[in-house]
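# Fold and geometry: a report
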Amino acid sequence: MKKAAICLIFILSVFTLRAQDIDSLKRRLKDNIDDTTRLVVLSKISIAADDGEWQQYNRKQKILAAKLRSESSPKSPLYRVYSKHYANAIHNEGIDLLDHSELRKALQLQQEALAIYEEIGDKKSMTHPLSEISKIYVLSGAFEQAISTFYQTLRIYESLKDYVGIGDCYLGLGEIHATNLDYEKAIKNYKLAIQYYQMGDTKDGVSIVCCCISACFSALQEYDKAARYLAMAEKNNLEGKPYEKALIFLHWGMLKQKLNKTDEAVRFYRDALQLFEEQEELSLLCSTKYHLGQVLMEQKDYRSALKYGLEALELSTEIEFPVEIENSTWLIYETYKKMGQYEKSLLYLEKYNDILAKKNTSEIKNIIFQEQLNYEFEKKQLLDKARNEKRISRLKLDAERKNFRKNVWITITLFISCIAVLLIFFGYRNARQKSIIAGQKNNILKQKLLVSQMNPHFIFNSLNAIQNCIFKQDGLKAGTYLAQFAELMRMILEFSRKDFIPLESEVNMLHNYFQLQQFRFDGKFEYNIEIDPALIPSKTGIPPMLAQPFIENSIEHGIFFKEEPGFIQVKISRQGEFVRYEITDNGVGIEGGKKFKRNTSGSHNSLATIITQERIDALFLNKKGASQIKITDLCTEDQTLSGVRVSFEIPYQEL
């Protein structure tokens, strides 16, 4: 009940405090309010107060949040609220330290804030300390760590579908590459930033990035492209915001100066200078004064050039901007030299040499500091890992176990995804080839299974006929019949292992089959097998026993019921790229056969057609041209005729 009341007070406090100004918030602190509401008020004041004042309220927020957090159970809903306030406070403190160039302390605080955000699972807030950590790495020259942190932030923004955040990351990566003079990579990242800023409908961001791309193309001496991107920057600054407008003027001035259009460059620099002064953008004001002084020196207006050089030096020294201190010192030296004031010129040349000497020392310090950062970063990771493991072991909290399982699954998913990409990349052709082979094996299996299908009635009747001859003591006839039957069985068993056989082997098998059937039916029918001269029997490959089921149907269901002798015609011909089968009989026909009943062959006719069609489909699955089996009752074409014609085509294949 007490927890519910505290949560309700917290929610009501948030909505009530939104409309209040800083003075009312400060008065609110003097009232007798609960700690949760007091924490919210301190947070609001630290956000809204001016520089120099917000720090003390932020410090109070940090102390109170740490106290409430330590007193709350990690299972409590308010634990997450207190943790977030504490992380926000130390994040703000880290920003203040960074503004005062205390990089090492700022890094430690941002890493601590990041660990807390990770603990409570606040992905969106994690991006704030990560961005500051990236800045610290860039300032210290630790570009490798900066890039790694940018990509870590990028992944979070992508999971949140925060297009503006993604654009900020690519802008930061571009600045790193530009700083290291890798302009091609810088442009690539800048273009990605533009793409995501456009998706997030952030025209200001697009305008700033276009200026950065223009500077890269100017450095590459591709001035047409530089001008094109500056025009794009102007197009995206429709609202005419002063900062973006001043930045565009500055880059136009730099481009015009490189094109030796000094008058235009001076106009752009003066416009930028006015806007930067109004915005109090001190670092960019230094740069603008330096560039303006440089172009005025080229125009031989030495007094004006000296004026801006001295102003740039004074301001850059005040804000500790080493790049512009160096540039403005060199400008003053050159200007005095051209004015003939060699004594003063020599003085600033000595200052410039001192700057170069100190610059070398600072570079060594940067290298040492970078190594220290690496060491402290790794040590911090190890300490955090040990502390987390100890806390998990001691508390055994459900929330932490869930986070652990989630992290494991994320790692497994990423690992499997990487393996899958590699397998797809290296094994695509191999997998496709295996699929084709598997399909062919499947087709072969179908073929063998289908070839093995043979009407058991024929075998049974054939053996009965042999038995009758034996009972009648007609040994010669029984022996002849048995030899032909054995030869037919041998052919069937031999051909069942093959997908294709020569046409001449098929013809021999059909002759044998016809003779056995004539023997059974005492010469009740005659037959003829006609082969197209265009086919070479020894070189033409066909599937075995495609015609046999239809010949059996002609005998069993057509000629069997006919009183007079029957006739069966088998034609195999070449039709272009196909081989055509045509089996014709003069039996009673389809309609006539329906008038007769026979218990042993009720469905064999349709089954033979289905099996043969399946064999054709299986064998010629990947080939075009295999036709459907066509069965025609001859009486439908001519009333004077009777019988059935079966026809179909298969692709021609040469052995």
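Structure: see above.
These notes cover the structure that comes with them. None of these values were measured; they are calculated from a predicted model.

### Re helix 11 (residues 203–219)
For helix 11, which comprises 17 residues, the first-to-last C-alpha distance of 25 Å matches the rise-based estimate of 24 Å (1.5 Å per residue) to within 8%. In terms of burial, helix 11 is largely enclosed, as 12 of its 17 residues are buried. Within helix 11 the residues assigned to the buried category are Gly205, Val206, Ser207, Val209, Cys210, Cys211, Cys212, Ile213, Ser214, Cys216, Phe217 and Ser218. For helix 11, the elements touching its buried residues are helix 9 (163–179), helix 10 (183–199), helix 12 (223–236) and helix 13 (242–258). Looking one or two places after helix 11, you find Gln221, whose phi comes out positive at around 60°.

### Comments concerning the sheet that holds strand 5 (residues 578–585)
Read across the open sheet, the 5 strands follow the order 2-4-5-7-6; overall the sheet is mixed. At either margin of the open sheet sits one strand with a lone partner, and together these are strand 2 (525–531) and strand 6 (630–633). Taking the axes of each pair of neighbouring strands and ignoring which way they run, one obtains an average angle of 15° across the sheet. In this sheet, strand 5 lies alongside strand 4 (residues 566–575) in antiparallel orientation, the contact comprising 8 bridges.

### Topic: the nonpolar core
Core analysis: the biggest nonpolar cluster contains 93 residues, and Tyr190, Val209, Ile213 and Leu292 have the highest contact counts within it. Per-element accounting of this core gives the leading share, 9 residues, to helix 6 (residues 103–120). Discounting residues that sit within four places of it in the chain, Tyr190 has contacts with Tyr170, Leu171, Gly174, Glu175, Ala178, Val209, Cys212, Ile213 and Cys216. Residues Tyr527, Ile542, Ile559 and Phe648 belong to the second largest nonpolar core, which totals 44 residues.

### Notes on the packing of helix 4 (residues 54–71) against helix 5 (residues 77–99)
Where helix 4 contacts helix 5, the two axes come as close as 8 Å, and the packing angle between them is 145°. Judged by the twist between their axes, the crossing of helix 4 over helix 5 is left-handed. When helix 4 is examined against helix 5, the residues Trp54, Gln55, Asn58, Gln61, Lys62, Ala65, Ala66, Leu68 and Arg69 are found in contact with a partner set consisting of Tyr79, Tyr82, Ser83, His85, Tyr86, Asn88, Ala89, Ile90, Asn92, Glu93 and Asp96. Grouping the amino acids of the contact of helix 4 with helix 5 by side-chain chemistry returns 9 nonpolar, 7 polar and 4 charged.

### As for unusual backbone geometry
Within the chain, Lys161 stands out as a residue other than glycine whose phi angle is a positive 55°. With respect to the element layout, Lys161 can be found in the loop between helix 8 (143–160) and helix 9. The exposed category is assigned to Lys161, whose relative accessible area is 63%. For Gln221, which is not a glycine, the phi torsion comes out positive at approximately 60°.

### With respect to the pairing of strand 7 (residues 644–651)
Of all 8 residues in strand 7, 7 are buried, a share of seventy percent or more. With 8 bridges connecting them, strand 5 and strand 7 associate as antiparallel partners. Paired with Glu582 across the two strands is Ser647, which belongs to strand 7. The pairing of strand 6 with strand 7 spans 4 bridges and is antiparallel. Counterpart to Asp633 in the pairing with strand 7 is Val644.

About the thresholds
The numbering scheme is per chain: residues are counted from 1 as the chain's sequence reads. In keeping with the predicted nature of the model, local features appear solely for residues at pLDDT of at least 70, side-chain atom pairs appear and are counted solely at 80 or more, and the whole-chain, interface and lining totals rest on all residues. In computing side-chain properties, one takes all heavy atoms of the structure into account and sets aside hydrogens as well as water. Runs of H or I in DSSP of at least four residues are treated as helices and runs of E of at least two as strands, each being numbered from the N terminus. In this scheme, a helix's expected span is set at 1.5 Å multiplied by one less than its residue total. Relative accessible area decides the class of each residue, using a 1.4 Å probe on protein chains only: under 20% of the type maximum gives buried, over 50% gives exposed, and in between gives partly exposed. When checking whether two residues touch, look at their non-hydrogen atoms; a contact exists if any pair is within 4.5 Å. By definition, two strands form a pair when at least two bridges between them are found by DSSP. Lines fitted to C-alpha atoms define the axes, with helix axes restricted to the stretch in contact, and inter-axis angles between N-to-C directions lie between 0 and 180 degrees. In this description, a nonpolar core means a group of buried Ala, Val, Leu, Ile, Met, Phe, Trp, Tyr and Cys residues linked to one another through side-chain atoms lying within 4.5 Å. Put simply, a crossing is left-handed when the front helix is turned counterclockwise from the back one by less than a right angle, and right-handed when it is turned clockwise. Gly is put with the polar residues, along with every residue not named as nonpolar or charged; the nonpolar set is Ala, Val, Leu, Ile, Met, Phe, Trp, Tyr, Cys and Pro, and the charged set is Asp, Glu, Lys and Arg.

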